[in-house]
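Read off the chains here:
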2 protein chains.
Amino acid sequence: MIRVLLVHDACLLRSALAERLAREPDLEVFHAPWRGARDRIGEVRPDVCVVDPDGDSTYASAEFGEQSHPVTGGLGSPLLVLVSGNRPGLLRRCTEAGALGYVDKASPPDRLLAGIRQVAAGLRFVDDSLGFGFLKAAQMPLTHRELLVLALAAGGAPVAEIANRLHLTNGTVRNYMAAITRKTGARNRIDAIRISRVEGWV
Amino acid sequence: MIRVLLVHDACLLRSALAERLAREPDLEVFHAPWRGARDRIGEVRPDVCVVDPDGDSTYASAEFGEQSHPVTGGLGSPLLVLVSGNRPGLLRRCTEAGALGYVDKASPPDRLLAGIRQVAAGLRFVDDSLGFGFLKAAQMPLTHRELLVLALAAGGAPVAEIANRLHLTNGTVRNYMAAITRKTGARNRIDAIRISRVEGWV
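Residues numbered from 1 in each chain as written. Chains lettered and ligands numbered in written order. Predicted model: local features only at pLDDT ≥ 70, side-chain atom pairs only at ≥ 80, totals over all residues. Heavy atoms only, no water.

- Going by what an unreviewed UniProt entry lists, chain A is known as LuxR C-terminal-related transcriptional regulator and is assigned to Streptomyces longisporoflavus.

Laid out in structure tokens, this is it:
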């Protein structure tokens, strides 16, 4: 039996998907919202942890904080993520978190079943339809430092606060923002943040 | 038999939820992504259209445009929306679109079943847990005109373009943005857009 823990915030969708998975004879399925996912992993000891890192709420990132975020920080369990090819930033963050399986949310459920079995066997699984998303993720033009500046700006921090947090001058922060706006092909800072959010970079 | 059309972009979650609903003896269930939802409604002629207006992708708003958006423009079928209490802006837009049913995504599936049956009978259905969200929606401090300015700014439009589209002077647009920032308790424009997006106003 493969023990699967499904983590998603919307109980309605999560429990329906869990019921579908539980109809497979080789799967034992548990589910939890993001809040409390860490405790459930300790109790369940899953062979595969299936997570939706995008979620429907802000919990996915807010509840756990940077260090212990289940995707960026690792849940200590083989990870299969439910993702979308048009969110290259999220794909890259999942890669950095060491996810083994990548299933397109637009796929039918049997792709998820194939992915779960492959990840449970310790193998990588990547849905074919995600290829272009991974290509875009690899072509990301922003540097790590620029992404940090962008994330703080997107959170509403004024230039002076960003400068203070990253030990930079105000002028340097403005230069970073100008570079970010140019590289993302945006019309202004707000547009750069919008584009980056849609693609899942912040 | 109640004919139900379930509209959601993520095939994985949509088909699992549709299977769950289809196990009820009094429901006949169809499902579709947002793209193509309008055509499916014509074919299926559902008694209840269950939609997730938040979706997982940008299609929900991008594909349909303002006039014909399935929530703001109306799908021509009794509407039940899957929503969250912490998105008051979205709740209000659903109200304005004339949705009859409001089911919390955090509810277990039997609440959705109760909602579907009530809406099919032509009655309003509101999940208890959404009360505070509706209260917040009623307390929205921004005017209709301010929301228009905010939506254009959030889309990345520069001040001059917003002024041009709404037949205002640049100075008036700046005054609107200052009022929006003050009323939302934000630190700056970017923060005002962030807060409004989280709450579902834009």
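There's more to say after this.
## Regarding the overall build of chain A
And step 1. When you go through chain A residue by residue, the secondary structure sums to eleven helices and six strands.
And step 2. Per-residue burial for chain A yields a buried fraction of 51% across its 202 residues.
And step 3. As displayed, chain A has an accessible area near 8,800 Å², and 52% of this comes from carbon and sulfur atoms. (Helix = DSSP H or I, 4+ residues; strand = E, 2+ residues; numbered from the N terminus. Buried < 20%, exposed > 50% of the residue type's maximum accessible area, 1.4 Å probe, protein only. Areas by Shrake-Rupley, 256 points an atom, 1.4 Å probe, with all protein chains shown as cover.)

## Concerning the relation of the copies chain A and chain B
And step 1. Of the transformation superimposing chain A on chain B, the axial component is 0.0 Å and the angular component is 180°, with the fit at an RMSD of 0.1 Å. Considering both components of the superposition, the chain copies are consistent with a two-fold axis. (Least-squares fit on C-alpha atoms with pLDDT ≥ 70 in both.)

## Some thoughts on the sheet that holds strand S1 (residues 2–7) of chain A
Residues and elements named next belong to chain A.
And step 1. Pairing within the open sheet is parallel, and its six strands lie in the order S2-S1-S3-S4-S5-S6. Across the chains shown, the open sheet's two edge strands, defined by having one partner strand only, are strand S2 (27–32) and strand S6 (125–126).
And step 2. Two strands pair when backbone bridges link them, and strand S5 (residues 101–104) and S6 are joined in this way by two bridges, in the parallel orientation. When the sheet's bridge partners are listed, Gly101 is paired in S6 with Phe125. (Pairing = 2+ DSSP bridges.)

## Some words on helix H1 (residues 11–22) of chain B
Residue and element names in this part refer to chain B.
And step 1. With twelve residues, H1 ought to run about 16 Å at 1.5 Å a step, and its terminal C-alpha atoms sit 16 Å apart, in line with that.
And step 2. In terms of burial, H1 is largely enclosed, as ten of its twelve residues are buried.
And step 3. For H1, the set of buried residues is Cys11, Leu12, Leu13, Arg14, Ser15, Ala16, Leu17, Ala18, Arg20 and Leu21. (Expected span 1.5 Å × (residues − 1).)

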